[in-house]
Amino acid sequence: IPFPIGTAAQFIGPCTSKFGDRKMKKKLHDMLLTVAQCATPKFVIMRVLNAARKLKSPLQIEDILHFFGTCCEDFGPMHCPVKSIAVYAAGEHGLEHKTPKIKSKAESLLTDMYKMTGGKVILVIRETSNTRGKNFADSLEEIDISNTLSVKKKDSKRKINVINTG
């Protein structure tokens, strides 16, 4: 049975409000990662991003940043919308957030993404963020990533089975 992508599009947005719920966290992440395997990580991440822009709770934002990191790690950055994630993490839901824990989580996510993809993350931070972000981008440039940039498809923990219907 082909995966009904239209149905997934209808429930991903409302599910986003459950990020940060301690009881639902593991189940929510597992469900969305499974949907990402069927419908592509980019499809799921873009819908989560669109819904997440309205969320204000630090717990929800922290959990979403964690989820994005898991997606990049499990599927590899080539299957994720790296620029969109970096814009979110460098903006008001990340580096510019007033909560230190959110800033720290955003820095961790952006550092991991930088190690996987290289300089494009720094460019996004410089375009998107304030002085704090620019200082953070400067510190990223000092990290030697020459031996970590070679993330290959075979290194992905999850495989994508793109069988879906419009």
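Predicted model only: the values in this text are computed from it and were never measured.

About the cut-offs
Residues numbered from 1 in each chain as written. Predicted model: local features only at pLDDT ≥ 70, side-chain atom pairs only at ≥ 80, totals over all residues. Heavy atoms only, no water. Helix = DSSP H or I, 4+ residues; strand = E, 2+ residues; numbered from the N terminus. Buried < 20%, exposed > 50% of the residue type's maximum accessible area, 1.4 Å probe, protein only. Contact = heavy atoms within 4.5 Å. Areas by Shrake-Rupley, 256 points an atom, 1.4 Å probe, with all protein chains shown as cover. Salt bridge = Lys/Arg side-chain N within 4 Å of Asp/Glu carboxyl O. Axes fitted to C-alpha atoms, helices over the stretch in contact; angles between N-to-C directions. Parallel < 35°, antiparallel > 145°, perpendicular 65-115°, else oblique. Nonpolar A, V, L, I, M, F, W, Y, C, P; charged D, E, K, R; others polar. Phe/Tyr/Trp six-rings, centres within 6.5 Å; stacked < 30°, edge-to-face > 60°.

A. Up close: the overall build of the protein. Broken down by element type, the protein carries 8 helices and 2 strands. Going from the N terminus to the C terminus, the protein shows its helices and strands as β-α-α-α-α-α-α-α-α-β. In the protein, which comprises 166 residues, the proportion classed as buried is 43%. Considering only residue pairs separated by 6 or more positions, the protein has 74% of its internal contacts joining residues 24 or more positions apart. Accessible area for the protein stands at about 8700 Å²; split by element, carbon and sulfur atoms hold 54% of it.

B. Inspection of helix α5 (residues 82–90) at higher detail. Three or more residues of α5 are buried, namely V82, I85, A86, Y88, A89 and A90. In this structure, the buried side of α5 is in contact with α3 (41–52), α4 (58–75), α6 (100–117) and α7 (120–128).

C. Examining the pattern of salt bridges more closely. Taken as a whole and assessed by the stated rule, the structure comprises 6 salt bridges. In this structure, the salt-bridge partner of D138 is R126, at a minimum N-O distance of 2.9 Å. Linking D138 in helix α8 (residues 131–141) with R126 in helix α7, this pair joins segments that are 12 residues apart in sequence. You can call D138 partly exposed: its relative accessible area is 35%. The network of salt bridges with common partners includes R126, D138 and E141.

D. Fine view of the packing of α3 against α4. Contact geometry of α3 with α4 gives a least axis separation of 11 Å together with a crossing angle of 170 degrees. Looking at the two axes, α3 sits roughly antiparallel to α4. Between α3 and α4, the contacting residues are P41, V44, I45, V48, L49 and A52 on the first element and I64, F67, F68, C71 and F75 on the second. Among the residues forming the contact of α3 with α4, the class breakdown is 11 nonpolar, no polar and no charged.

E. Local environment of the environment of G20. With respect to the element layout, G20 can be found in the loop between α1 (5–15) and α2 (25–39). Sequence separation between G20 and I64 is 44 residues; the distance between their C-alpha atoms is 7.8 Å. If we skip the residues at most four places from it in the chain, G20 touches L59, Q60 and D63.

F. Seen up close, the packing of aromatic side chains. Tallied over the full model, the rule gives 3 aromatic pairs. Both rings, one in F68 and one in Y88, keep their centres 5.8 Å apart while their planes meet at 85 degrees; by these two values the pair is edge-to-face. In this pair, F68 sits in helix α4 while Y88 sits in helix α5, placing the two residues 20 residues apart along the sequence. Residue classification places F68 among the buried positions, given a relative accessible area of 0%. Pairwise contacts between aromatic rings join F19, F67, F68 and Y88 into one cluster.

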